[in-house]
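Residues per chain, in single letters:
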Amino acid sequence: RKWVYTFGDGKAEGRAGDREHLGGKGANLAEMASLGLPVPPGLTIITDVCTYYYENGRTLPEAMKKEVLAGLKGMEEITGRGFGDTTNPLLLSVRSGARTSMPGMMDTVLNLGLNDETVEALGHNAGDARFAWDSYRRFIQMYGDVVMGLGHESFEEILEDEKARLGHDLDTDLSAVEWQHVVGLYKALIEEELGEPFPQDPLVQLWGAIGAVFASWMNPRAITYRHLHAIPAEWGTAVTVQAMVFGNLGSTSATGVAFTRNPSTGEKALYGEFLVNAQGEDVVAGIRTPQSITEAARIESGSDRPSLEKVMPEAFAEFRSICDKLESHYRDMQDLEFTIERGKLWMLQARSGKRTTKAAMKIAVDMAAEGLIGEEEAVMRIEPSSLDQLLHPTIDPRVERDVIGSGLPASPGAATGAIVFTAEEAVAAEEEGRKVILVRVETSPEDIHGMHAAEGILTTRGGMTSHAAVVARGMGIPCVAGAGSLRVDLRNEVLIGAGVTLGKGDIITIDGSTGQVLRGRVAMLQPELSGDFAQLMDWADRTRRMTVRTNADTPTDARAARSFGAEGIGLCRTEHMFFEGMRIQVMREMILAADEEGRRRALAKLLPMQRSDFTELFEIMHGLPVTIRLLDPPLHEFLPKTDEEIAEVADAMGLEPQLLRQRVDALHEFNPMLGHRGCRLAISYPEIAEMQARAIFEAAIEAARETGAAVVPEIMVPLVGLKSELDYVKAAIDRVAQEVMTEAGLQISYLVGTMIELPRAALRAHVIAEAAEFFSFGTNDLTQTTFGISRDDASSFITTYQRKGIIEHDPFISLDFDGVGELIRIAAERGRQTRPDMKLGICGEHGGDPASIHFCEGAGLDYVSCSPFRVPIARLSAAQAAI
Ligand code: ADP
Ligand code: MG
Ligand code: MG
């Protein structure tokens, strides 16, 4: 078998496509070499050796060593130098390279092959002893740090002391003799600390450095990075050994990094930095301030230090033409590393450049216009979830942040406002036109109106699926949740953070994209939804098969969703309307009524309120489909809990608090999520469903008359497990429909369907479909009921499950394809057996999750429905799924 792939002199054994074995760096070096670009010759040891290394007690295969030596011969021939040769030495760089670039891996070792003899030859041949000793001290420092594990600080200390002693400010001020002295100090340090001398044998150095790269695959930094980015440990890293070229050979030499387009704006302009007489990481390390590559960028930055274009026009011209060549070859923006040795340009790395979402959009649209890529490919280039960044205001990256604490980035975007501690204060502030941040320990359904009124939400307790997080994401309001380093003291109405105590009315800013909490007001960047964004969305819309609807309970949500391109409402949860303002009182009256009489009296008061809600939604959606779900949650959710609340409600209802407490207790359930809820309520209290149906039909007729659009309401019955349940509720709905239409003298069409959120419903879909005209997969409950995991209690153990590798993803965030997905496929297939033209959709949180949307495409659903701010993400994901 073959362990080593060589490249150089216009040829290469590997290709760009083989990142799996060569790693990203090795694969692209091979590709650039075969394109005939100036790449120093080298060889890449494949990732399989990394696997071998760990399976064989951290040893390297002998056969690989032979291949490395053979490859080294080739490099010697191409360069005309000898590895370890004391008259014309070949020096090497040893570089790590995983499949995807991995900061946190081993640092590169440069100038390998230098020792007390070769350093003299290097200086002699270059005619520059200072350069040789500078290279040697760099090598000892890197090798001492990376391979021998001494830590670079000890070397830096020595250098700083020397500079102080000699009165030099910059590294570049040191002379050859002075560097030689530093080398002596470095070597002494190694002997003293490690009890062994710095290795003089170049081959010992080489195997040492190669082994260190493989060992670094398992260093804690690399493990953490892989964990964060879901990179499997089995991938392993490759090692590239390459002939050195020198950017530190005086004023005609330089080293730099560049992007072929601007990575933050996407603008088509070469963008980068370089340093004269420098090596390796000097540019990024910030030791000296680097200079602009192009004259245009220099002028824009206002710098008076010359650009590369100016100081080395020939090398620059060649570099620019290589940039163009690489862009059109890879058909993507490139991130490049290069070095110029005495005027001669060398390419050291190419990869697809990381970029902001804004830049990604511009580059994709521009490249499609340039004919480099097609429209579908442009659509594929954007990571759907990255759109989140674009849809909300963000903190201007140039401003300074006065961070007082941080929590989870629970709902993206940034918001500034005055601190309030209660939902009521938030509502009052909104009425007065003041902007506030609602600060709570945690939130509950009673806070909904206050959450809506706030610019942002901050909680000190709770996770990514806490009430605050889920509701805020749904509303598109920035939220930082579980900021444990902050403390809310409700009694004194203060928020206590790192060294500060803030009171009600003090201004804070939250960054829901990073989880930071900042003191004061900061400059923001507003979302930009026209231009490139609109163009890409347009291409996406032309490509996708599924339609995208929204989950919207309020006119505000519905309008936002329309502006993001929603094509209807897939889920309107009617219960949310009952929490608003005075309504909760009437709702409580209804629930606590002693008999049907009393309930009907309260329902009669709710009817006009519901009707006006629905009318507004129908008008906003202007003929687009609107799915309204009948009352779903267990009734106790609406009831007062504390003694104070009970006293208040009892007073309003003219009841004894004692009696009210008894009724509330009577409604208590041990497991309310599996209790008296969903269609079970409509069966126990048909008058509730009848009132809701009447509100829906009256509103539809009114909206149809107002707008002239054909309004087709879709009424959805929740939590059906038996066909007979649906039959019963549907009969009531149909009866009301006839009554209303007769009264109004206008016929409209409507659909009655059900949510599929119980395994039994999925399995009996062919039977249920006899009564249901559509199915909507309520995957929050379906996941809950399929796993038997309570969604509200999952956070206490799901993360443990993930950490211990029991499950990979949280099934409440990304659909469980194997189990829940299987039930969806079964239900879709069986439903359509009975009713081939049946409309199928999804309305759980998964409807806005890109991976879940891919699944829905495969399962043949007609639409996905998600919260308003995820609509663009869903449009793009649906397009990508269809390509
Ligand atoms: P990273 O993975 O951190 O990008 P690299 O392997 O690209 O590390 O090495 C870092 C830097 O070292 C390069 O940007 C380049 O400046 C320098 N370098 C690497 N190999 C060589 C070489 N053969 N000749 C000159 N400089 C090199
Ligand atoms: Mg690099
Ligand atoms: Mg449900």
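Basis of the calculations
Residues numbered from 1 in each chain as written. Chains lettered and ligands numbered in written order. Predicted model: local features only at pLDDT ≥ 70, side-chain atom pairs only at ≥ 80, totals over all residues. Helix = DSSP H or I, 4+ residues; strand = E, 2+ residues; numbered from the N terminus. Buried ≥ 20, exposed ≤ 12 C-beta atoms within 10 Å, placed from the backbone. Contact = placed C-beta atoms within 7 Å. Domains from an automatic or database assignment. Nonpolar A, V, L, I, M, F, W, Y, C, P; charged D, E, K, R; others polar. Pairing = 2+ DSSP bridges. Axes fitted to C-alpha atoms, helices over the stretch in contact; angles between N-to-C directions. Near = placed C-beta within 6 Å. Expected span 1.5 Å × (residues − 1).

### A look at the overall build of the protein
Thought 1: Counting its regular elements, the protein contains 35 helices and 34 strands.
Thought 2: Classification of the 883 residues of the protein by burial places 50% in the buried group.
Thought 3: Expressed as a percentage of contacts within the protein between residues at least 6 apart in sequence, the contacts between residues at least 24 apart total 67%.

### Overview of the domain arrangement of the protein
Thought 1: Per the domain assignment, the segments of the protein are domain 1 (4-243), domain 2 (254-355), domain 3 (393-525) and domain 4 (544-634 + 669-882).
Thought 2: Contacts between the two partners involve 10 residues from domain 3, matched on the other side by 11 residues from domain 4.
Thought 3: Residue assignment for the side of domain 3 that touches domain 4 shows that the elements contributing at least two residues are helix 18 (448-453) and helix 19 (467-475).
Thought 4: By residue number, the principal contributor to the side of domain 3 that touches domain 4 is helix 19, which donates three residues.
Thought 5: Its residues placed into classes, the side of domain 3 that touches domain 4 shows three nonpolar, five polar and two charged.

### Some words on the environment of Phe131
Thought 1: Tracing the backbone through its elements, the reader meets Phe131 in helix 5 (residues 129-146).
Thought 2: When the C-alpha atoms of Phe131 and Gly151 are compared, they prove to be 24 Å apart, with 20 residues separating the residues in sequence.
Thought 3: Sequence-distant contacts of Phe131, that is, excluding residues within four places in its chain, are made with Gly123, Ala126, Asn248 and Leu249.

### Quick notes on the pairing of strand 24 (residues 507-511)
Thought 1: Among the five residues of strand 24, four are classified as buried, and the element is accordingly described as predominantly covered.
Thought 2: Bridge count for strand 17 (residues 414-420) against strand 24 is five bridges, and the pairing is antiparallel. Residue pairing for strand 24: Ala418 is matched across the bridge by Ile507.
Thought 3: In terms of strand pairing, strand 24 meets strand 25 (residues 516-519) through four bridges, oriented antiparallel. Paired with Ile510 across the two strands is Val517, which belongs to strand 25.
Thought 4: Here strand 24 folds back onto strand 25, and the loop between the two strands holds four residues, one of which, Gly515, carries a positive phi near 90°.

### Some words on the sheet that holds strand 16 (residues 408-411)
Thought 1: The strand order across the open sheet formed by eight strands is 15-25-24-17-18-19-20-16, and the pairing between neighbours is mixed. Both edges of this open sheet fall to strand 15 (403-406) and strand 16, since each of them pairs with a single strand only. Going across the sheet, the axis of each strand differs from the next one's by a mean of 30°, ignoring polarity.
Thought 2: Across three bridges, strand 16 lies against strand 20 (residues 479-481) in antiparallel orientation.

### A closer look at the site of ligand 1
Thought 1: Around ligand 1, a shell composed of 16 residues is seen, among which Ser93, Arg95, Thr108, Gly280 and Glu337 lie nearest.
Thought 2: Where the shell around ligand 1 is concerned, the elements lending two or more residues are strand 6 (92-98), strand 8 (237-243), strand 12 (334-341) and strand 13 (344-352).
Thought 3: In the shell around ligand 1, the residues fall into six nonpolar, seven polar and three charged.
Thought 4: Split by domain, the shell around ligand 1 shows at least three residues from each of two domains, domain 1 (4-243) and domain 2 (254-355).

### Looking at the sheet that holds strand 11 (residues 291-292)
Thought 1: Strand order in the open sheet made by the five strands is 11-10-9-12-13, with antiparallel pairing throughout. Both outer strands of the open sheet, strand 11 and strand 13, are each paired with one neighbouring strand and no more.
Thought 2: By the bridge criterion, eight bridges tie strand 12 to strand 13 in an arrangement that is antiparallel. Across the sheet, Asp335 pairs through a bridge with Arg351, a residue of strand 13.

### A look at helix 8 (residues 202-216)
Thought 1: Here helix 8 is 15 residues long and its end C-alpha atoms lie 21 Å apart, about the 21 Å a rise of 1.5 Å per residue gives.
Thought 2: Buried residues of helix 8: Pro202, Gln205, Leu206, Ala209, Ile210, Ala212, Val213 and Phe214, and no others.

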